[in-house]
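Each chain, written out:
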Amino acid sequence: MKVGSGFGGTWLTAVPDQARHAEELGYDFASTPETQHDSILAATLAAYTTEKLEIQTSVTIAFPRSPTVLAMEAWDIQHLSKGRFVLGLGSQVKGHNQHRFSVDWPGAPATRMKEYIKMLHAVWDSFQDGKKPEFIGKYYHFTLMTPNFNPGPIPYPRPKVGLACVGDAMARVAGEVADVVMPHGFMTDKYMREVVLPNVAIGLKRSGRTWQDIEIAGGGFTVFGETESEIEQGLERLRQPISFYGSTRSYHEVFEVHGLKSLGMQLHELSLQGKWDEMQRVIPEDVLRVFAQTSTYDKLPEFVANHREYASRITLPLPASTPEQRERAKYIIEQVRKVQVPRVPRGLEDLSAIPDRPKATA
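Computed from a prediction, not measured in an experiment: that's the story for all the values here. Just so you know, the residues in each chain are numbered from 1, in the order the chain's sequence is written. Reporting of local features is limited, given that this is a predicted model, to residues whose pLDDT is at least 70; pairs of side-chain atoms are given and counted only at 80 or more, and all residues count toward the totals for whole chains, interfaces and linings. Where side-chain values are given, they derive from all heavy atoms of the structure, hydrogens and water being excluded.

Draft legend 1. Fine view of the overall build of the chain. When helices and strands are tallied, the chain shows 15 helices and 13 strands. When we talk radius of gyration, it's over C-alpha atoms, and the globule rule is simply 2.2 Å times the number of residues to the 0.38. By the compact-globule yardstick of 21 Å for 362 residues, the chain fits well, its C-alpha radius of gyration being 20 Å. Across its three principal directions, the C-alpha atoms of the chain cover 60 × 45 × 45 Å. When accessible area is computed with a 1.4 Å probe and restricted to protein chains, residues below 20% of their type maximum are described as buried, those above 50% as exposed, and intermediate ones as partly exposed. A buried classification covers 53% of the 362 residues belonging to the chain. Contact definition: two residues touch when any of their heavy atoms are within 4.5 Å. Long-range pairs, those at least 24 residues apart, make up 75% of the contacts in the chain between residues at least 6 apart in sequence. Carbon and sulfur atoms form 52% of the exposed surface of the chain, whose accessible area is close to 16800 Å². All tallies of charge rest on Lys and Arg as positive and Asp and Glu as negative; His and the ends of each chain are not included. Where a charge sits is defined by one atom per residue type, namely NZ (Lys), CZ (Arg), CG (Asp) or CD (Glu). Positive and negative side-chain charges in the chain, numbering 41 and 43 respectively, have mean positions lying 4 Å apart. Numbered from the N terminus, helices here are DSSP runs of H or I no shorter than four residues, and strands are runs of E no shorter than two. Surface accessibility in these figures is a Shrake-Rupley result with a 1.4 Å probe; residues are shielded only by whichever protein chains are displayed.

Draft legend 2. Representation of the nonpolar core. By size, the foremost hydrophobic cluster in this structure holds 110 residues, and its most contacted members are Leu 89 and Trp 211. When sequence neighbours within four positions are dropped, the list of residues in contact with Leu 89 reads Val 59, Thr 60, Ala 62, Leu 70, Met 113, Tyr 116, Ile 117, Leu 120, Val 161, Gly 162, Leu 163 and Ala 164. Only buried residues count toward a nonpolar core. Its members are Ala, Val, Leu, Ile, Met, Phe, Trp, Tyr and Cys residues joined through side-chain atoms within 4.5 Å. Of all hydrophobic cores here, the second largest spans 6 residues; its members include Val 86, Ala 164, Val 180 and Met 182.

Draft legend 3. The side chain of Ser 271, seen in detail. Residue position: Ser 271 is located in helix α11 (residues 261–272). Ignoring any residue separated from it by four or fewer positions in sequence, one finds Ser 271 in contact with Ser 247, Trp 276 and Met 279.

Draft legend 4. Broad picture of the pattern of salt bridges. The term salt bridge refers to a side-chain nitrogen of Lys or Arg lying within 4 Å of a carboxyl oxygen of Asp or Glu. Tallied over the full model, the rule gives 23 salt bridges. The residue Glu 54 makes a salt bridge to Arg 313 at a minimum N-O spacing of 2.8 Å. Remark: Arg 313 occurs in strand β13 (residues 313–315) and Glu 54 occurs in strand β3 (residues 54–57); sequence separation between them is 259 residues. We classify Glu 54 as buried; its relative accessible area is 12%. For the salt bridge of Lys 330 with Glu 327, the shortest nitrogen-to-oxygen distance reads 3.8 Å. One end of the pair, Lys 330, and the other, Glu 327, are both in helix α15 (residues 323–337), 3 residues apart, so they sit about a helical turn from each other. Judged by its relative accessible area of 51%, Glu 327 falls in the exposed class. Taken together, the salt bridges that share partners define one network made up of Lys 2, Glu 54, Lys 160, Glu 215 and Arg 313.

Below, the structure written as structure tokens:
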């Protein structure tokens, strides 16, 4: 099991130390978000200042960027890192694309994302093998590459592409064309098993791949701690992300699986009024328990083996500000890394038995 942490999400001056810190603790990978700062810039600095750590964006927002421009950037980071880069992509919701990034929203984001990833592959094929560019899709096309603009091959595999997903259509695309399935942060174990993983299976079946051809990150809200008291405090901190993401109607399918659609609509209405603090207060305590799985650090290996049998990677932020905490973190990371799982979701072992669905959205 790969064990990961995070870095970035702050000014670039802090990124090198954050990335080196993750590597020194023994993490296998570290991810950088794209909220207030650019993920590609952060990933570049992290790649330059580390030697073994896998560097992942979680996530880079795709649609405001040209696939060719992003392919060039990822190619450079893959070369700089000596093959340690994972380009994690996300679509973002319609409103942010239109009104924050000022880009068109032609609809069908899952179909568009599948095409986006295929074009990345086409660009990288032209770089690596000199393959003639002849990709033509509905949303993107790539038919021109001259020697003057081709950086040429690198002695590493092409970057892995991760795909963040919430809805069923994007999960099918992840199974069909991505290398890493990255469940959105607003996720529960029940939703992961009833919606995301079955649709990933459909994508795998469509592409003729198996569970061993992809990596899946452990999904679902989790709270880990040294003691039960720490876990209780962690559950309280979940109010913010649950209220924030739960106010977005695009994510209400997660609420619906738990019979909580009315809570999602209440949060949405409060968000329209700008009542961000009140949004956190309206989340009942029992919802925190319904959404989050918990474990003490000592029982983490058992938790991972029992509840993340499908995963090849898990994010595990740990306190490490004192020498004692750092030693404890290294020990926990090593124990979780030793866990062996089949990387196949329970109940979805036989892909040939998976019923396909209409291909209208993906």
